Amino acid sequence: MAQNIERVEAIMTAAPVIAVLIVNDPKKAVPMAQALVDGGIPGIEITLRTPNALDCIKAVADNVEGALVGAGTVLTHQQYEASVKAGSTFVVSPGATDNLIAAAEDFHQTPLLPGTCTPSEVMKLLEAGYERLKFFPAVPAGGTPMLKGLSSPLAAAKFCPTGGINLGNARDFLALPNVLCVGGSWIADAKAIESEDWAGIEKRAREAAALTV
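What you are looking at is a predicted structure, and each value in this text was computed from that prediction instead of being measured.

Before going further, it helps to spend a moment on unusual backbone geometry. Pro 137 follows Phe 136 through a cis peptide bond whose omega is -10°. Here Pro 137 is to be found in the loop between β7 (132-135) and α7 (143-151). Phi at Thr 73 takes a positive value of approximately 55°, unusual for a residue other than glycine. Assignment of secondary structure puts Thr 73 in the loop between β3 (68-72) and α4 (77-86).

Bringing the pattern of salt bridges into the picture now. Per the stated rule, a full pass over the model turns up eight salt bridges. Salt-bridge contacts for Glu 207 lead to Lys 203; the nearest nitrogen and oxygen are separated by 3.0 Å. In this pair, Glu 207 and Lys 203 both sit in helix α10 (residues 198-209), four residues apart, roughly one turn of the helix. The exposure class assigned to Lys 203 is exposed, which follows from its relative accessible area of 52%. Salt bridges sharing partners connect three or more residues here, namely Glu 9, Glu 131 and Arg 132.

We now examine the pairing of strand β8 (residues 158-161). Every other side chain in a regular strand lies on the same face of the sheet, so the side chains alternate between the two faces. In terms of strand pairing, β7 meets β8 through four bridges, oriented parallel. In the sheet register, Lys 134 faces β8, and the bridge partner there is Cys 160. In terms of handedness, the path from β7 via α7 over to β8 forms a crossover that is right-handed.

Working note: α-helix, 3.6 residues per turn, so residues spaced by three or four point in the same direction. Among the residues of helix α3 (residues 53-63), those classed as buried are Ala 53, Cys 56, Ile 57, Ala 59 and Val 60. Taken end-on, α3 shows its buried residues confined to a sector of 160°, consistent with a single buried face.

To continue, consider the sheet that holds β7. As summarised here, the arrangement of the three strands in space is β6-β7-β8, forming an open sheet in which the pairing is parallel. The open sheet has two free edges, formed respectively by β6 (115-116) and β8, since each of these has just one partner strand. Sheet contacts for helix α1 (residues 5-12): β7 and β8; angle to β7, the most-contacted strand, approximately 45°. Most of the contacts of α7 go to β7, to which it runs at about 150°, and overall it touches β7 and β8.

Analysis parameters
Numbering of residues begins from 1 in every chain and follows the order in which that chain's sequence is written. Only residues with pLDDT of 70 or above have their local features reported here, since the model is predicted, and side-chain atom pairs are shown and tallied only from 80 upward, although totals for entire chains, interfaces and linings are computed over all residues. Heavy atoms throughout the structure, all of them, feed into the side-chain values; hydrogens and water do not. Runs of E in the DSSP output that reach at least two residues are strands. Runs of H or I that reach at least four are helices, and both are numbered from the N terminus. Definition used for salt bridges: Asp or Glu carboxyl oxygen within 4 Å of a side-chain nitrogen of Lys or Arg. Only protein chains enter the accessibility calculation, which uses a 1.4 Å probe; a residue whose area is less than 20% of its type maximum is buried, one above 50% is exposed, and one in between is partly exposed. A strand pair is defined by DSSP finding two or more bridges across the two strands. The path from the first strand over the helix to the second decides the hand: if it runs clockwise while the strands point away from the viewer, the crossover is right-handed. By definition, the arc is the one covered by directions from the helix axis to the C-beta atoms. The criterion used for residue contact is that any of the two residues' heavy atoms lie within 4.5 Å. Only the stretch in contact is used when a helix axis is fitted, and all axes are lines through C-alpha atoms; the angle between N-to-C directions ranges over 0 to 180 degrees.

As C-alpha cells, then:
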C-alpha cells in the first residue's frame, strides 16, 4: 500500500512550517500547542524523545482545536501504533525501515513522513509509493544545494527539510520547487516551553506562518 499522499500533503501545506518540539509535560503541551495554532502553525510534531511525549500528544489531540498533532522520532512499529492510539494525525521518522513502512501500511489513515537524505533512499521510497518525504538532517546533509540537485532527476519527491532550519534560512528552502514546507524547532524551543513563554511562541509562530517566497 502506498503512502496516503493526500492526507500527508494536507498537513505539509497547512502552513510553511511544521513545529518540531521536545516537550515532557502534558500541562504545558496544551497551552504551547494553543499558542502555535493561534499564531497560524497548526502542524505540530511532538518528538518521542521524552518519557511523557505520548501523553503530550494525547493532551493536544484532546484539547486543542485546529491542531494537527503528530509524533516525531518514531523508530518502530510499536511506537507507530502507540502514536496512533495517542491521537497522532501523522507520524515522522528520521529514516525509513521495512518495519516502519509495514507499520504505515497497518495505520494507513495516519500517514508516515519518512526521513531521507540520499538519492538512493529517495528512489527506494518512491518505489514503495512514498512521494512526500522528510529531508533530514537538512543543513548537515547538504541543505538547499542538495535539494536542488534532487529536484530534476527525482521530480516526484516533495520534501519537508528539517534539521538546522531557522527563521533566517527557511525562505531559502521554501523557495525550492520540491519543498512544500520546513520543520523547525526555533518557534517553541525547550527554554520557551519550560518558562511558559506562550506569548513569545505565538509571536514566533506568526512570523513563521508569514514566511513567503
